Amino acid sequence: MNFEFNDDQRMLRDQARRFLLDKSPPAVVRETLETDQAYDKDLWRQFGEMGWLGAAIPEVYGGSGLGHLELCVIAEELGRALAPTPFASSIYLGAEALMTAGSEEQKQSYLPDIATGAAIWCLALSEGPRPATEKNITTSVSDGKLSGEKLPVADGDIADRAIVVAKDGAADGALAGLYIVDLNGAGVERTTVDSVDPTRSQARLVFRDAPAEKLGDEGWPLLERIQDRAAVLMAFEQVGGAEVAMEMAKEYAMGRYAFGRPIAGYQAIKHRLADMYIQTELARSNCYYGAWALSTDAAELAVAAATARVSATEAYHFASKENIQIHGGMGFTWEFNCHLYYRRSRNLALALGSQRRWKDRLIRALERRNAA
Amino acid sequence: MDFADTQDETAFREKARSFLAENAENKANAKRTNGTGWNKDEALAAAQLWQAKKFDAGFAGLTMPTEYGGQGLSPIMQVIYHQEEADYVTPRGVYEIGLGMCIPTMFAYATEAQKQRFAKPALRGEEIWCQLFSEPAGGSDLAGLRTRAERDGNADDANWVINGQKIWTSGAQFSDYAILVARSDFDVPKHKGLTFFFLSMKSPGIEIRPIKQVSGAANFNEVYFTDVRIPDSQRLGAVGEGWKVSLTTLMNERFAVGIAPAPDFEEVFDLVRDTELEDGPALDNALVRDRLADWYVRQQGLRNAHFRTMTALSKGGTPGPESSINKVVSAVKYQDISFFGTDMQEMAGIITDPEIAAMDGLFQTGVLSSPGYRIAGGTDEILRNIIAERVLGLPQDVRLDKEGAFRDLPTGRD
């Protein structure tokens, strides 16, 4: 039994934590929150230089070829630091999609720029406030030209290329496919939209006969496989964030005196912190299983990913909202950092689709496994 | 990351597997039962037979020293054995307290001759032990206990006379020996006036009365002491240091208290697959799926946390906080799943008759048994305090019982 990260991976974690404490403290995160800056370009460049962006990209495609366990380690630290960069869009979704389904030519032409950070990618799936199901997709492709509207697209305003989910032809019942679109090219109009978490950017993309290049042959099942991979990585970010929210709540409760003693001594607070700990530990343990499934391409990936995602979403939700509660009025001020985690928690919980849909997806995966 | 055993672990696992396959019934072939009934004579005889078999095959006292009949193995082997045994129907339970808590306390505090005398018969299942700790006035607040231990005379080695009452004693009715903590001094602060003993449950002056539980079963007892005499040679630890000895026992309890029984996710998943609701199969109902997902991620979270603990043990480390999380999560899940399972059966969910109730009344049994799991071995609230104080390092609750004579503490009674 070796269900732990190894010494090298733990060393990477320590280095990443130190680096991010120095380069992505709350003051840096707030620059993205309080200005028009969409992401921290300096941080992004350094992620490329240190080989973080290419951690799971093989060396032949310009990556550092470390592996997915190392990428999980980095993801947790990015989550802790709330790093204001398009890491999830470009790496968990873009690079993973290319590595999963890209042709040799696509991998060779696109992955090296993703690994250095020179190119930013994103996934354009949602079409407004309704579930993003295959049936609901109206964006379509004919003769290699893609048209339709996507909202919201995380990092859509800053990305160079998007993987767009669109129907093959406009006919009713047409199947969805994945297409690569150059967002700097013709037929693309993009606008930044405001969101609950301004530390990450969201956009509306309108396509009018934009040239589109097919990615893979499978369509929807491929999309779900990519989402499973991204869900594991994002769950590590969520657990990282949840743990920091818990640490903040604990530190504040130890130093805050009321009725003559630290509020951390009252059971109402102690038990809530214990619950944060319980939920975070369960989520972390489920994330480890997800990491194992991701790194070994195990048949269990669909179940493991949904399990990690559902518990990490729940843990971050609980820790970030109760962190504000334990801080009392100060937790509700702009000045304190509690809201940064609260915002990010909501962002990540919605980023790959709602908790309701992931729970449903988990049960579907279990039904499939039982039927097999 | 991988789930592979080391070479030693593989060899041990295979040995355990073949022993179990030859000597026990695999759960996959066994009929589901919904009660333990381990206070019946035949169940007791079966448990004794099984313990003796384990001893003879080298699977009893896995982590105990070899000179006392144990196997001298590392804790990881214990975990591996439990994993394998979990697939089989075996009459466990009777020896868990003795081997999990009483004998380890004896190892820490008894004389060499006493260890030689008591360890092996306990391991062979010839002698059963129970633990006389909780009292009507000392449950979660164990140190509040009032059972009196008085010396019979002034000599340093004078014997002891015990008067008082214990409660919630599992297995007292068929135990041969017990460990006991009692108050030897009412004039010093609460935690400083306790002394620890072991004694024969056949001692004159002991009276055992079963407690009928919500579930109808009687796994626990009240134990009354009237002038029960204990030789001073059976004192464990110094006079007045009974609290320190108790902590040794309780530390072992955290590892011994297991996960709640079925129904768990698998059983409720089975139930909803066979249930038809007003608008179609229950498994297609969004609300049902939402609840199923909640229980699955909790169950898997505990399972995966256990893998992390095993990794630590395998490398010679100590168990992590998993042991305190386990019961808090699984007992509530057990109760919630039981409630939900009866809900799925609509008005008939109230019926316990195994001929009528789904899955032989498993969920109805759970409704009536689960409240006990949220209390036994540390209540939900006490376990949260343990996590808060020992894992997160938060301050203790305000205490009004640390100073002054125990006899002066308010009791709420006249």
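**A look at the interface of chain B and chain A**
Each side of the interface is counted separately: chain B has 48 residues, and chain A has 42 residues. It is Met1, Arg289 and Arg308 of chain B in chain B that bury the most area against chain A; as a group they hold 21% of the surface buried on that side. If you look at where chain B meets chain A, you find 9 salt bridges. The salt bridge involving Glu367 of chain A is made with Arg289 of chain B; its shortest N-O contact spans 2.9 Å. Put simply, chain B and chain A have 21 residue pairs in polar contact (both at pLDDT 80 or more) between them. Counting residues per element, the side of chain B that touches chain A draws most heavily on helix H8 (residues 286–314) of chain B, which supplies 19 residues. Looking at the side of chain B that touches chain A, its residues break down into 25 nonpolar, 8 polar and 15 charged.

**Quick notes on the nonpolar core**
All names here are of chain A. Phe47, Trp52 and Phe87 are the most contacted members of the largest nonpolar core, which totals 184 residues. Counting residues per element, this core draws most heavily on helix H7 (residues 220–255), at 19 residues. Apart from residues lying up to four places away in sequence, Trp52 is in contact with Leu12, Ala16, Phe19, Leu20, Phe47, Leu71, Ile74, Leu78 and Phe87.

**Some points on the domain arrangement of chain A**
Residues and elements named next belong to chain A. Each domain of chain A was delimited in the assignment, giving domain 1 (7–118), domain 2 (122–218) and domain 3 (221–371). Contacts between the two partners involve 19 residues from domain 1, matched on the other side by 18 residues from domain 2. A combined buried area of about 1400 Å² lies between domain 1 and domain 2, and 63% of that area is made up of carbon and sulfur atoms. Taken together, domain 1 and domain 2 are joined by 0 salt bridges. Taken together, the connections running from domain 1 to domain 2 amount to 6 residue pairs in polar contact (both at pLDDT 80 or more).

**Considerations on unusual backbone geometry**
The omega torsion across Leu151 of chain A and Pro152 of chain A is -10°, close enough to zero to call that bond cis. Structurally, Pro152 of chain A is set in strand E3 (residues 145–154). At the junction of Ala262 of chain B and Pro263 of chain B, the peptide bond is cis and its omega measures out at 5° in the coordinates. Examined against the element boundaries, Pro263 of chain B turns out to sit in the loop between helix H6 (242–256) and helix H7 (265–273). Positive phi, normally seen in glycine, also occurs at Asp155 of chain A, with a value near 65°.

**Things to note about the packing of aromatic side chains**
Residue and element names in this part refer to chain B. Scanning the model with the defined rule gives 37 aromatic pairs over all chains in all. A ring pair is formed by Phe19 and Trp50, whose centres lie 5.5 Å apart and whose planes are at 25°; its orientation type is stacked. Of the two residues, Phe19 sits in helix H1 (residues 7–23) while Trp50 sits in helix H2 (residues 41–57), which places them 31 residues apart along the sequence. Exposure class is identical for Phe19 and Trp50. Each is buried. Centroid distance Phe19 to Phe59: 4.8 Å. Interplanar angle 25°. Geometry classified as stacked. Within this pair, whereas Phe19 is found in helix H1, its partner Phe59 is found in the loop between H2 and helix H3 (75–85), the two being separated by 40 residues in sequence.

**Focus on the packing of helix H5 (residues 87–101) of chain A against helix H6 (residues 104–116) of chain A**
All names here are of chain A. Running from N to C, H5 and H6 cross one another at 160°; their axes reach a closest spacing of 10 Å. By the criterion of interaxial angle, the relationship of H5 to H6 is roughly antiparallel. Once H5 is placed against H6, the crossing between them reads as left-handed. Note on element contacts: H6 touches H5 through Gln106, Lys107, Tyr110, Leu111 and Ile114, opposite Ser90, Ile91, Ala95, Leu98 and Met99. Classifying every residue of the contact of H5 with H6 gives 7 nonpolar, 2 polar and 1 charged.

**Quick word on the pattern of salt bridges**
All names here are of chain A. Enumeration according to the criterion identifies 54 salt bridges over all chains in this entry. Among the ionic pairs, Asp7 bridges to Arg10, the shortest N-O distance being 2.8 Å. Highlighted residues: Asp7 and Arg10, both in helix H1 (residues 7–23), separated by 3 residues, approximately one helical turn. On the accessibility criterion, Asp7 (54% relative accessible area) is exposed. Here Glu243 makes a salt bridge to Arg80, at a shortest N to O gap of 3.6 Å. Of the two residues, Glu243 is situated in helix H7 and Arg80 in helix H4 (residues 68–81); the sequence distance between them amounts to 163 residues. An identical accessibility class is assigned to Glu243 and Arg80; each is buried.

Rules used in this analysis
Residues numbered from 1 in each chain as written. Chains lettered and ligands numbered in written order. Predicted model: local features only at pLDDT ≥ 70, side-chain atom pairs only at ≥ 80, totals over all residues. Heavy atoms only, no water. Contact = heavy atoms within 4.5 Å. Buried area = accessible area lost by both parts, 1.4 Å probe. Salt bridge = Lys/Arg side-chain N within 4 Å of Asp/Glu carboxyl O. Polar contact = N/O pair within 3.5 Å; in protein donor to acceptor, adjacent residues only side chain to side chain. Helix = DSSP H or I, 4+ residues; strand = E, 2+ residues; numbered from the N terminus. Nonpolar A, V, L, I, M, F, W, Y, C, P; charged D, E, K, R; others polar. Core = buried A, V, L, I, M, F, W, Y, C linked by side-chain atoms within 4.5 Å. Buried < 20%, exposed > 50% of the residue type's maximum accessible area, 1.4 Å probe, protein only. Domains from an automatic or database assignment. Phe/Tyr/Trp six-rings, centres within 6.5 Å; stacked < 30°, edge-to-face > 60°. Axes fitted to C-alpha atoms, helices over the stretch in contact; angles between N-to-C directions. Parallel < 35°, antiparallel > 145°, perpendicular 65-115°, else oblique. Left-handed = near helix turned anticlockwise from the far one by under 90°.

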